[in-house]
Amino acid sequence: MSEWFEDWFASEQYLNVYKHRDQKDALLLLDLIQRTISINNDFLILDAACGAGRYSNLLLQKGYKVIGFDLSLPLLKIAKTDAGKISGENIYFRSDIRSVKLKMKFNLILNVFTSFGYFVTDEENFSFINNSITFLKKKGYFVFDYINKKYLIDNLIPYSQKEIDGYLIEEKRKIENQRVIKEINISKGNERHSFTESVKLYSPEILFEKFFKTGYKIIDVFGSYEGENFSEINSSRIIIIGQNEQ
């Protein structure tokens with residue numbers, strides 16, 4: 001039996017639902033990263049769970065060397081096609097984030113756009129963070145972008161709908177067993193599709209503890225892509241920038 005993200009991220013409808021997540025968010029986050037840490041053109045960057053390459057191909061445009069991986073072959077194909085339109089070449093490969101194996105060492109690792117918390121157990125969810133230190137250079141950086149648990153719970157929108165390219169997209173949300181669960185129904189005429197998202201919610205304290213135990217020094221925490229200070233009450237995101245001290 002496939003897991004929810006295998007079906008959802010391989011579907012044609014996924015990119016339609018998240019069409020509003022355009023390059024603006026990615027540019028804002030990359031600008032924030034560049035303002036916070038010193039990235040030079042010799043940096044080797046890993047984009048973990050890179051999806052359709054929104055971040056990694058922007059980095060390629062800026063002249064950086066990037067390697068990206070994802071589980072979804074359809075999203076990787078889009079990433080490779082877009083990379084081919086840019087001067088230079090990004091390297092993409094398929095892997096499950098829980099078991100990715102890399103021999104090279106990176107200066108910067110990105111795990112962004114809530115590519116975290118998809119799995120059933122805490123061990124699975126934190127496996128990449130725990131393993132990342134082994135393929136990050138000393139003094140290298142890890143950028144982690146995730147939803148802020150308290151803000152999400154306090155501001156949960158149980159139901160919403162929108163229309164994109166003639167498709168009606170209905171989204172129902174609930175909190176259950178410390179997870180935010182979204183039911184997505186997509187319809188157009190007689191065409192019907194249903195998908196589910198299920199993401200485990202972790203408090204900032206747990207996230208900080210995991211980063212510290214892995215060997216990271218947290219050098220900054222932001223609450224938005226614009227670089228606002230993190231507030232557990234008011235911030236929709238939690239963006240952690242850690243540095244390898246090992």
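Residues numbered from 1 in each chain as written. Predicted model: local features only at pLDDT ≥ 70, side-chain atom pairs only at ≥ 80, totals over all residues. Heavy atoms only, no water.

Taking burial as the measure, the eight residues of strand β11 (residues 237-244) include eight buried ones, the bulk of the element. Burial along β11 is two-sided: R237, I239, I241 and Q243 facing one way and I238, I240, G242 and N244 facing the other are all buried. Two strands pair when backbone bridges link them, and strand β5 (residues 136-147) and β11 are joined in this way by seven bridges, in the antiparallel orientation. Each residue of the ladder has a partner; that of D145, found in β11, is I239. Where strand β10 (residues 216-222) and β11 come together, six bridges link them in antiparallel fashion. Paired with D220 across the strands is I241, a residue of β11. (Buried < 20%, exposed > 50% of the residue type's maximum accessible area, 1.4 Å probe, protein only. Helix = DSSP H or I, 4+ residues; strand = E, 2+ residues; numbered from the N terminus. Pairing = 2+ DSSP bridges.)

The end-to-end C-alpha distance of helix α3 (residues 23-36), which contains 14 residues, comes to 20 Å, matching closely the 20 Å that a straight helix rising 1.5 Å per residue would cover. Considered for burial, the residues of α3 that qualify are D25, A26, L29, L30, L32 and I33. For α3, the angular spread of buried residues about the axis comes to 155°, placing them on one side. Exposed side chains of α3 directed beyond 90 degrees from the buried face belong to K24 and R35. Tucked inside the fold, the buried residues of α3 contact α4 (54-61), β4 (106-111), β5, β10 and β11. (Expected span 1.5 Å × (residues − 1). Arc of directions from axis to C-beta. Contact = heavy atoms within 4.5 Å.)

To continue, consider the sheet that holds strand β7 (residues 167-176). In a beta sheet, neighbouring strands are held together by backbone hydrogen bonds and run either parallel or antiparallel to one another. Taken in spatial order, the four strands line up as β6-β7-β8-β9 in an open sheet, and their pairing is antiparallel. What marks the edges here is a single partner per strand, and that holds for β6 (159-164) and β9 (191-200). For this sheet, the mean angle separating the axes of adjacent strands, direction not counted, is 20°. (Axes fitted to C-alpha atoms, helices over the stretch in contact; angles between N-to-C directions.)

Below, the discussion takes up the packing of aromatic side chains. Evaluated as defined, the whole model comprises 19 aromatic pairs. Their ring planes at 70° and their centres at 5.2 Å tell us that F116 and F126 sit as a pair that is edge-to-face. One end of the pair, F116, is in the loop between β4 and α6 (122-125); the other, F126, is in the loop between α6 and α7 (127-132), and ten residues separate them in sequence. Grouping aromatic residues by their ring pairs yields a cluster made of F69, F93, F116, F126, F128, F135, F142, F144, Y146, Y202, F211 and Y216. Against the face of F113 rests R54, its NZ or CZ located 5.0 Å from the ring centre. When the ring centre of F126 is taken as reference, the NZ or CZ atom of K210 above it lies at 5.0 Å. (Phe/Tyr/Trp six-rings, centres within 6.5 Å; stacked < 30°, edge-to-face > 60°. Lys NZ or Arg CZ within 6 Å of the ring centre and 35° of its normal.)

Let us look at the nonpolar core. W8, F128 and Y146 are the most contacted members of the largest nonpolar core, which has 72 residues in total. Top contributing element to this core by residue count: β5, with seven residues. Look past the residues within four positions of Y146 in its chain and what remains in contact with it is T114, F116, V199, K200, L201, Y202, L207, R237 and I238. Judged by nonpolar contacts, the second largest core, of seven residues, contains L60, L76, I86 and Y92. (Core = buried A, V, L, I, M, F, W, Y, C linked by side-chain atoms within 4.5 Å.)

A separate point is the sheet that holds strand β2 (residues 65-70). Strand order across the open sheet formed by seven strands is β3-β2-β1-β4-β5-β11-β10, with mixed pairing between neighbours. Each edge of the sheet is formed by a strand with only one pairing partner; in this case those strands are β3 (91-94) and β10. Here the strands of the sheet are splayed against their neighbours by 20° on average, with no regard to which way each runs. In the sheet, strand β1 (residues 44-48) pairs with β4 via three bridges, with the strands oriented parallel. By the bridge assignment, L46 is partnered in β4 with I109. Each of β2 and β3 is contacted by helix α5 (residues 73-84), which is oriented at about 170° to β3, the strand it contacts most.

In terms of residue burial, β2 counts as a mostly covered element, since five of its six residues are buried. Pairing analysis gives five bridges linking β1 to β2, with the strands arranged parallel. Considered in β2, the bridge of L44 is made with K65. For the handedness criterion, the β-α-β arrangement of β1, α4 and β2 is classed as right-handed. Note that β2 and β3 share four bridges and pair parallel. Across the sheet, residue I67 finds its bridge partner in β3, namely I91. (Right-handed = clockwise from strand over helix to strand, strands pointing away.)

Glancing now at helix α9 (residues 204-214). Along α9, the residues that are buried comprise P204, L207, F211 and T214. Take α9 and look down its axis: the buried residues cluster within an arc of 100°, on one side only. In α9, the exposed positions that point more than 90 degrees away from the buried face belong to F212 and K213. Contact partners of the buried residues in α9: α7, β5, β10 and β11. A positive backbone phi angle near 120° is found at G215, which sits one or two residues after α9.

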